[in-house]
Amino acid sequence: PRISISLDATEAARKIFHVRMQIPATPGTLTLYYPKWIPGEHGPTGPIEDLAGLKFFFNGQPLKWRRDLQDGWTFHVEVPAKATSIDATLDFISPAGQEGIYTGGHSATEKMAVLSWNTMLLYPAGYTSDDLVYEPTVKLPAGWRFSTSLPIASQSGSEVKFKPVSLTMLVDGPVLTGQYMKMVPLSEGDLPVELDVAADSAAALDAPPEIWQEYKNLVVQDGLLFGAHHYRDYHFLFSLSDHVAHFGLEHHESNDSRVDERGLVDPRKRLLDAGLLSHEYVHSWNGKYRRPADLTTPDYEKPMQTDLLWIYEGLTSYLGDVL
């Protein structure tokens, strides 16, 4: 099934995101899931409490639906006769402040935002996340730049259309966007790596030149450690803000890492957070390219089992600190 999803992020500064989806369907009851078990978060942390404005339509007419009585991340929609698809609209209300857990935490300020697709979509039951193909489009605030590992099909002004990807890779491809951004190439050739930094101020991006060289060295050393690369390209998506949740979350071809606004320009803060980007980069090999079988679930509804999590996280912590 191919599902179109249009994300309107033009109100990111207000922490409100609007989504419209077109989902293939057949007459009867259509069961839809909101992502619950999020890779890298190791728990049922999908922020269902921040989902709002959920509506379903066919030919412009509203459809009856209800939330599952036993699972709050599940919805049942009554699809009428002759329907081959339905439209869904929803809003995601990003929390304000700094606290929160991973992608359900505070992710937007007046100057920047991290768009995590798992917080802003539904998917039909009966398929693996690899089976489902999404056609994503995002509209950004005027003048904001962006970075992501998702392949871009076209861009017109502030609207970006991405190439079709599996649900797996969509959830694995967050978008970092902001008014103040700096893109620093860390390697060249067939496997480019970038450090893409968004901040709440231009001054926060003014790190000493040797800092960028140190991150270039990290990419070289990681290549020597593992001896091979498995990604098409890689993006360090680095957020500098005192008003977002602070953490690191791994992805196959990127990572979502967040520290204080002065995290690059303050030598003490740089030292305290020195292991963050190296840790998340190691995860691209250990945790994404290779993953414990019980954490390799077919979708985001099936519970993950944390067998070998001490290898997934513990070994990564060790190697990240070494690097």
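Refer to the structure printed above.
What counts, and where the lines are drawn
Residues numbered from 1 in each chain as written. Predicted model: local features only at pLDDT ≥ 70, side-chain atom pairs only at ≥ 80, totals over all residues. Heavy atoms only, no water. Phe/Tyr/Trp six-rings, centres within 6.5 Å; stacked < 30°, edge-to-face > 60°. Buried < 20%, exposed > 50% of the residue type's maximum accessible area, 1.4 Å probe, protein only. Lys NZ or Arg CZ within 6 Å of the ring centre and 35° of its normal. Core = buried A, V, L, I, M, F, W, Y, C linked by side-chain atoms within 4.5 Å. Helix = DSSP H or I, 4+ residues; strand = E, 2+ residues; numbered from the N terminus. Contact = heavy atoms within 4.5 Å. 1 Å grid on protein atoms, 1.4 Å probe; cavity = no way out; pocket = protein on both sides within 12 Å on 5 of 7 lines; lining within 4 Å. Points joined across faces, edges and corners; volume = space filled by probe spheres on them. Nonpolar A, V, L, I, M, F, W, Y, C, P; charged D, E, K, R; others polar. Pairing = 2+ DSSP bridges. Axes fitted to C-alpha atoms, helices over the stretch in contact; angles between N-to-C directions.

(A) Inspection of the packing of aromatic side chains at higher detail. Across all of its chains, the model carries 14 aromatic pairs by this definition. Consider the rings of Phe-56 and Trp-65, whose centres lie 5.7 Å apart with planes at 75 degrees: the pair is edge-to-face. Among the residues examined, Trp-65 registers a relative accessible area of 35% and is labelled partly exposed. One aromatic cluster is present, formed by Phe-226, Tyr-231, Tyr-234, Phe-236, Tyr-281 and Trp-285 through successive ring pairs. Arg-290 extends its terminal NZ or CZ atom over the ring of Tyr-289, reaching a point 4.3 Å from the ring centre.

(B) Geometry of the nonpolar core. Grouped together as the largest cluster of nonpolar side chains are 52 residues, with contacts concentrated most on Phe-17, Met-21, Leu-115, Trp-117 and Tyr-134. Within the second largest apolar cluster, 25 residues are counted, among which are Leu-195, Val-197, Tyr-231 and Val-259.

(C) Broad picture of the environment of Glu-301. Here Glu-301 shows up in the loop between helix 4 (276-283) and helix 5 (309-322). When the C-alpha atoms of Glu-301 and Gly-46 are compared, they prove to be 9.9 Å apart, with 255 residues separating the residues in sequence. Those residues within four positions of Glu-301 in sequence are excluded, and the remaining contacts are Tyr-33, Lys-36, Trp-37, Asp-71, Trp-73, Thr-74 and Tyr-123.

(D) Expanded view of empty space enclosed by the protein. One pass over the structure, following the stated rule, counts two cavities of 30 Å³ or more. Counted as a void, the largest cavity has a volume near 40 Å³. As for the largest cavity, its lining consists of Phe-17, Phe-92, Ser-94, Thr-103, Gly-105, Ser-107, Val-114, Ser-116, Thr-119 and Met-120. Its residues assigned to classes, the lining of the largest cavity comprises four nonpolar, six polar and no charged. Estimated volume of the second largest cavity: approximately 40 Å³. Lining the second largest cavity are Pro-39, Gly-40, His-42, Lys-288, Arg-291, Leu-295, Met-304 and Tyr-312.

(E) Quick look at the sheet that holds strand 19 (residues 234-240). In space, the five strands of this open sheet follow the order 17-18-19-21-20, with mixed pairing throughout. Two strands lie at the open edges of the sheet, namely strand 17 (180-185) and strand 20 (248-250), each paired on one side alone. Here the strands of the sheet are splayed against their neighbours by 15 degrees on average, with no regard to which way each runs. Where strand 19 meets strand 21 (residues 254-259), six bridges bridge the pair, whose relative direction is parallel. The residue of strand 21 that forms the bridge with Ser-239 is Arg-258.

(F) Structural detail: the sheet that holds strand 10 (residues 123-124). Spatial ordering of the open sheet is given by 6-7-3-10, a layout of four strands whose pairing is antiparallel. In this open sheet, the two edge strands, each paired with only one partner strand, are strand 6 (65-67) and strand 10. Where strand 3 (residues 28-33) lies against strand 7 (residues 74-79), six bridges are found, and the strand directions are antiparallel. When the sheet's bridge partners are listed, Thr-31 is paired in strand 7 with His-76.

Such coordinate-based values are descriptive only and should not be taken to indicate function.
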